[in-house]
Amino acid sequence: MKFWISSILFIFLCTSQAQEIYFPADTLWESKSPETFDLNLDAAIDFAKKNEYSESRDLEQAILKGFEREPFHKIMGPVKRRGGPAGMILKNGYKIAEWGDVQRVDMTFSVTKSFLSTTALIALQENIIHNFNDTVSGYVWDSTFDGPHNSQITWKHLLQQNSDWSGELWDSHDWADRPSASGNIDSWRSRKLNEPGTFFKYNDVRVNVLAYSLLHVFRKPLPTILKENIMDPIGASHSWRWFGYDNSWTTIDGYKM
């Protein structure tokens, strides 16, 4: 999945001094100089400008190169060129520095996991999920969590990326996502499954299984859940987008989502 949001890096700096709490109002962010807080940020900003991601700004090329060793890998959603280094530093709610084009909407990827965990917490708050220690098979009634291994997986396992869920979703195999440096397709496919909760693996297929499972409990598109419960109440801009894969559709209660 992919999430679009303005290319702003937020760095929150803590202080031990007791100061009046300030909250930005809507889109008005009051600025103060770093010197107000006895800070010199020149070296940090210069480092950020000189150390952007080293691969191509053409994200299609960068993604294909980054995952070139994965079998069957292909781009399954929209991509666009990224901008240059950009960032903003906040201190106690005040904007104390910025560089680059902070208004540009750029793509970001792994942050989607944070938005998924946020929607999961909404499900818990609304008692749609009763307990994160519940097995997901009690909520998702198709074959996604069938079998002696997958049936042990809990919401907590999915959220912590240690479920070791085994299967195929959206034409992607769990074993083909970031496989071990050694071995080949045969050894990857026949790998030993680890007991859920005992083995961490950063794996997009299993993250998408979490998204698929949350879709089944909400019975409503997850971007809509995020918009109604988080983004609109905090006054987020309307420029963000949450895209799934081109083929990541399923039918819920007669509606294609």
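Everything here concerns the structure above.
Calculation rules
Residues numbered from 1 in each chain as written. Predicted model: local features only at pLDDT ≥ 70, side-chain atom pairs only at ≥ 80, totals over all residues. Heavy atoms only, no water. Phe/Tyr/Trp six-rings, centres within 6.5 Å; stacked < 30°, edge-to-face > 60°. Helix = DSSP H or I, 4+ residues; strand = E, 2+ residues; numbered from the N terminus. Buried < 20%, exposed > 50% of the residue type's maximum accessible area, 1.4 Å probe, protein only. Lys NZ or Arg CZ within 6 Å of the ring centre and 35° of its normal. Axes fitted to C-alpha atoms, helices over the stretch in contact; angles between N-to-C directions. Parallel < 35°, antiparallel > 145°, perpendicular 65-115°, else oblique. Left-handed = near helix turned anticlockwise from the far one by under 90°. Contact = heavy atoms within 4.5 Å. Arc of directions from axis to C-beta. Polar contact = N/O pair within 3.5 Å; in protein donor to acceptor, adjacent residues only side chain to side chain. Pairing = 2+ DSSP bridges. Salt bridge = Lys/Arg side-chain N within 4 Å of Asp/Glu carboxyl O. Core = buried A, V, L, I, M, F, W, Y, C linked by side-chain atoms within 4.5 Å.

Chemist: Help me get a handle on the packing of aromatic side chains, residues and values and all.
Modeler: By the definition in use, this model includes four aromatic pairs. On the basis of an interplanar angle of 40 degrees and a centroid distance of 6.4 Å, the ring pair of Phe37 and Tyr94 is categorised as tilted. Within this pair, whereas Phe37 is found in the loop between strand 2 (10–13) and helix 1 (42–50), its partner Tyr94 is found in strand 4 (residues 94–99), the two being separated by 57 residues in sequence. The two residues Phe37 and Tyr94 agree in class, both being buried. The ring of Tyr94 has Lys32 sitting right over it, with the charged end atom 4.2 Å from the ring centre. One Lys or Arg, Lys256, reaches over the ring of Trp249 and ends 5.7 Å from the middle of that ring.

Chemist: Describe the packing of helix 3 (residues 112–125) against helix 6 (residues 204–218), and please don't skip the residues or the numbers.
Modeler: Where helix 3 contacts helix 6, the axes come no closer than 11 Å and their chain directions differ by 30 degrees. For the element pair helix 3 / helix 6, the angle class is roughly parallel. Considering how the two elements wind past one another, helix 3 and helix 6 form a crossing that is left-handed. Listed contacts from helix 6 to Lys113, Leu116, Thr119, Ala120, Ile122 and Ala123 of helix 3 are Asp204, Val207, Leu210, Ala211, Leu214 and Phe218.

Chemist: Got a sec to walk through helix 2 (residues 59–66)? Specific residues and values, please.
Modeler: Taken together, the buried positions of helix 2 are occupied by Leu59, Ala62 and Ile63. Each buried residue of helix 2 lies within a common arc of 95 degrees when the element is viewed along its axis, so the set occupies one face. Next to the buried residues of helix 2 lie strand 5 (105–108). For helix 2, the N-terminal cap is Asp58; the gap from its side-chain oxygen to the backbone nitrogen of Glu60 is 3.1 Å.

Chemist: Report on the pairing of strand 3 (residues 87–91), specifying residues and quantitative values.
Modeler: With respect to burial, strand 3 is a largely interior element, five of its five residues being buried. Here strand 3 shows a buried face lined by Gly87, Ile89 and Lys91 and a second buried face lined by Met88 and Leu90. Pairing between strand 3 and strand 4: five bridges, direction antiparallel. Paired with Gly87 across the strands is Trp99, a residue of strand 4.

Chemist: Just give me the short version of the pattern of salt bridges, but keep the residues and values in it.
Modeler: A pair can form between side chains of opposite charge whenever their charged atoms are brought close. One pass over the structure, following the stated rule, counts 16 salt bridges. Two residues, Lys95 and Glu98, come together in a salt bridge whose shortest N-O distance is 3.0 Å. The exposure class of Glu98 is partly exposed, given its relative accessible area of 38%. Its salt-bridge partner being Asp204, residue Arg178 comes within 3.2 Å of it at the nearest N-O pair. You can see Arg178 sitting in the loop between strand 7 (172–173) and helix 5 (185–189) and its partner Asp204 sitting in helix 6, a full 26 residues away along the chain. Here the salt bridges share partners, and the residues they tie into one network are Lys113, Asp177, Arg178 and Asp204.

Chemist: Talk me through the side chain of Asp174; I want residue IDs and the actual numbers.
Modeler: Tracing the chain through its elements places Asp174 in the loop between strand 7 and helix 5. One polar contact links Asp174 to Arg191, side chain to side chain, over a distance of 2.7 Å. With sequence-adjacent residues up to four places away left out, Asp174 is seen in contact with Trp165, Ser166, Gly167, Arg191, Asn203, Val205 and Arg206.

Chemist: Can you lay out the nonpolar core for me, pointing to particular residues and giving the numbers?
Modeler: Formed by 34 residues in total, the largest nonpolar core has its most connected members in Leu116, Ile129, Phe145, Trp155, Leu214 and Phe218. Of all the secondary structure elements, the ones that give two or more residues to this core are helix 3, helix 4 (155–159), helix 6 and helix 7 (222–231). Sorting elements by how many residues they give to this core places helix 6 first, with nine residues. Formed by nine residues, the second largest nonpolar core is a distinct cluster that contains Phe37, Ile45, Tyr94 and Ile96.

Chemist: So what about unusual backbone geometry? Which residues, and what values?
Modeler: Even without being glycine, Trp170 reaches a positive phi, approximately 55 degrees. Taking the relative accessible area as the measure of exposure, Trp170 reaches 17% and is therefore buried. Backbone geometry at Arg219 places phi at a positive 60 degrees, although glycine is not the residue there. Turning to its location among the elements, Arg219 is positioned in the loop between helix 6 and helix 7.

Bear in mind that shape data such as this cannot, by itself, settle questions of function.
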